[in-house]
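# An overview of the molecular structure
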Amino acid sequence: MLNILLFHNITSIPSHDFYSVTGDFFKALLNQIKDSSFSVKNLRDFYGNSLSSHDKSITFTFDDGGLSDYEIAFPLLKELDFRGSFFITASFVGKSGFMQWDMIRELKDNNMEIGSHTISHRILSRLPAEEAQEELYASRCLLEDKLGTKIDALSFPQGDFNKRIIDLAKKAGYRIMCTSTPGINGIKQLQKGILYRNSMNRAVDIPTMPSRIDPSWFNIILARLSYEIRKGTKRIIGNERYESVRNRLLGVNNVQ
Ligand SMILES: [Zn+2]
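Report on the accompanying structure. Per chain, residue numbering runs from 1 following the sequence as it is written. In view of the model being predicted, local features appear only for residues whose pLDDT reaches at least 70, and side-chain atom pairs are presented and counted only at 80 or more, with totals across whole chains, interfaces and linings using the full set of residues.

## Some points on the packing of helix H4 (residues 129-147) against helix H5 (residues 163-171)
Definition in use: For helices, the fitted axis covers only the stretch in contact; all axes are lines through C-alpha atoms, and the angles between them, taken along N-to-C directions, range from 0 to 180 degrees. Numbering of helices and strands runs from the N terminus; a helix is a DSSP stretch of H or I covering at least four residues, while a strand is a stretch of E covering at least two. When an angle is under 35 degrees it counts as roughly parallel; over 145 it counts as roughly antiparallel; between 65 and 115 it counts as roughly perpendicular; any other value is oblique. Throughout, a crossing is termed right-handed when the near helix is turned clockwise from the far one, and left-handed when it is turned anticlockwise from it by less than a right angle. Note that contacts rest on C-beta atoms placed from the backbone: two residues are in contact if these are within 7 Å.
Contact pair H4 / H5: the axes reach a minimum separation of 9 Å and the direction vectors enclose 50°. It follows from the interaxial angle that H4 and H5 lie oblique. The interaxial crossing formed by H4 with H5 has right-handed handedness. Of the residues in H5, those touching H4 at Ala129, Ala132, Gln133 and Leu136 are Ile165, Leu168 and Ala169.

## Topic: the pairing of strand S6 (residues 85-88)
This is how it is decided: For the exposure call, what matters is how many other C-beta atoms sit within 10 Å of a residue's own: 20 or more marks it buried, 12 or fewer exposed, and in between partly exposed, using C-beta atoms placed from the backbone. When DSSP finds two or more bridges between a pair of strands, those strands are recorded as paired.
Burial along S6 is two-sided: Ser85 and Phe87 and Phe86 and Ile88, pointing in opposite directions, are all buried. Taken together, the four bridges between strand S5 (residues 57-64) and S6 define a ladder with parallel strand orientation. Directly across from Asp63, in S6, lies its bridge partner Phe87. For S6 and strand S7 (residues 113-116), the ladder comprises four bridges, and the chain directions are parallel.

## Quick word on the environment of Gln32
Within the secondary structure layout, Gln32 lies in helix H1 (residues 23-34). Judged by local crowding, Gln32 falls into the partly exposed class, with 15 C-beta atoms found within 10 Å.

## Concerning the pairing of S5
Our working definition: Think of it like this: strands point away, you trace from the first strand over the helix to the second, and a clockwise trace means the crossover is right-handed.
The element S5 is extensively covered by neighbouring structure, given that seven of its eight residues are classed as buried. The pairing of strand S1 (residues 2-7) with S5 spans six bridges and is classified as parallel. By the bridge assignment for S5, Ile4 is matched with Thr59. Taken together, S5, helix H2 (residues 67-79) and S6 form a β-α-β motif whose crossover is right-handed.

## A look at the nonpolar core
Side chains that are nonpolar tend, in soluble globular proteins, to be buried together. Heads up, the rule is: By definition, a nonpolar core groups buried Ala, Val, Leu, Ile, Met, Phe, Trp, Tyr and Cys residues that are joined through C-beta atoms within 7 Å.
Counting residues in hydrophobic clusters, the biggest one holds 51 residues, and the most contacted among them are Phe7, Ala73, Ile114, Leu154, Ala169 and Met177. Those residues in contact with Ala169 that sit more than four places away from it in its chain are Leu136, Leu154, Tyr174 and Met177.

## Re the packing of H1 against H2
To keep things clear, this is the line we draw: Put simply, Ala, Val, Leu, Ile, Met, Phe, Trp, Tyr, Cys and Pro go in the nonpolar bin, Asp, Glu, Lys and Arg in the charged bin, and everything else, Gly too, in the polar bin.
Axis separation between H1 and H2 bottoms out at 10 Å; the angle between their running directions is 20°. Taken together, the axes of H1 and H2 are roughly parallel relative to one another. Our pair here, H1 against H2, has a crossing hand that is right-handed. For the pair H1 and H2, the contacting residues are Gly23, Phe26, Lys27 and Leu30 in the first and Ile72, Ala73 and Leu76 in the second. For the contact of H1 with H2, the per-class residue count stands at five nonpolar, one polar and one charged.

## Some words on H1
In an α-helix, one full turn covers 3.6 residues, which means residues spaced three or four apart are oriented alike. This is how it is decided: To estimate the expected span of a helix, subtract one from its residue number and multiply by 1.5 Å. This arc describes the spread of directions from the helix axis toward the C-beta atoms.
With twelve residues, H1 extends 16 Å from end C-alpha to end C-alpha; this agrees with the ideal 16 Å at 1.5 Å per step. Turning to H1, its buried residues are Phe26, Leu29 and Ile33. Projected down its long axis, H1 carries its buried residues within an arc of 60°, all on one side. In H1, those exposed residues whose orientation departs by more than 90 degrees from the buried face are Asn31 and Lys34. Of the surrounding elements, those touching the buried residues of H1 are strand S2 (9-11), strand S3 (20-22), strand S4 (39-40), S5, H2 and helix H7 (209-213).

## A look at unusual backbone geometry
Within the chain, Thr118 stands out as a residue other than glycine whose phi angle is a positive 75°. Examined against the element boundaries, Thr118 turns out to sit in the loop between S7 and H4. Here Thr118 falls in the buried class, since 26 other C-beta atoms lie within 10 Å of it. At Gln158, a position not held by glycine, the phi torsion is positive, near 60°.

## Quick look at the environment of Cys178
Within the secondary structure, Cys178 sits in strand S9 (residues 176-178). Classification of Cys178 as buried rests on a count of 27 C-beta atoms within 10 Å. The spacing of Cys178 and Leu154 is 24 residues in sequence and 6.1 Å in space, taken between C-alpha atoms. Beyond its immediate sequence surroundings of up to four residues, Cys178 is in contact with Ile4, Thr61, Ala153, Leu154, Ser155, Leu195 and Arg197.

The quantities given are spatial measurements derived from coordinates; they are silent on function.
Below, the structure written as structure tokens:
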């Protein structure tokens with residue numbers, strides 16, 4: 001089984017941002033994983049579907065390309081000789097709060113995997129086919145050009161995808177697609193190349209950490225239910241309105 005953890009922002013001090021965790025939390029998580037029976041892998045380790053039913057693997061993924069990926073997550077991963085997969089939103093590179101190209105290159109040179117999180121982070125299923133194709137294809141080409149490496153993995157902005165987007169992503173050359181749908185991946189998901197991920201956010205604390213590293217089916221069902229409710233609410237009231245209401249309640253701002 002493969003448990004893919006999804007991170008957004010890692011902060012030095014606790015933040016109200018729901019999708020953030022602190023560096024101390026991240027470090028504690030890495031140490032728990034180091035002492036567990038899980039082995040840490042990169043997504044590229046699974047490109048040949050190389051997962052046996054007895055394997056217990058875990059992968060760290062980071063969406064958006066935030067500066068904290070480089071400043072906080074990268075040194076902690078490196079310290080334990082762990083790897084991670086970083087999904088870059090191409091138009092965010094170099095902007096305030098995001099990594100610069102030389103930082104992303106340094107991640108790549110230290111065996112971290114780089115993937116695409118599109119050009120502009122727009123919701124792909126709402127775009128006409130040509131625009132969605134451009135988001136997928138141009139971001140892959142730009143990353144390959146800037147980093148001099150092959151880009152095989154994609155993470156869908158806001159976890160949004162449908163069959164049309166999957167077909168376009170395959171056409172654009174992606175072999176692995178990461179969703180934000182909670183779940184544990186088996187051989188079936190790896191063969192399809194469409195993977196579940198489990199979000200690490202403010203709702204997880206030290207006592208609940210083991211249940212996120214090695215979740216029971218009950219934990220997964222609960223996470224899936226909460227994810228579907230959130231998604232349904234977004235569909236009914238609109239994504240922007242949902243984010244604005246949630247952020248107003250929490251007093252924060254964030255990119256998912
Ligand atoms: Zn994102």
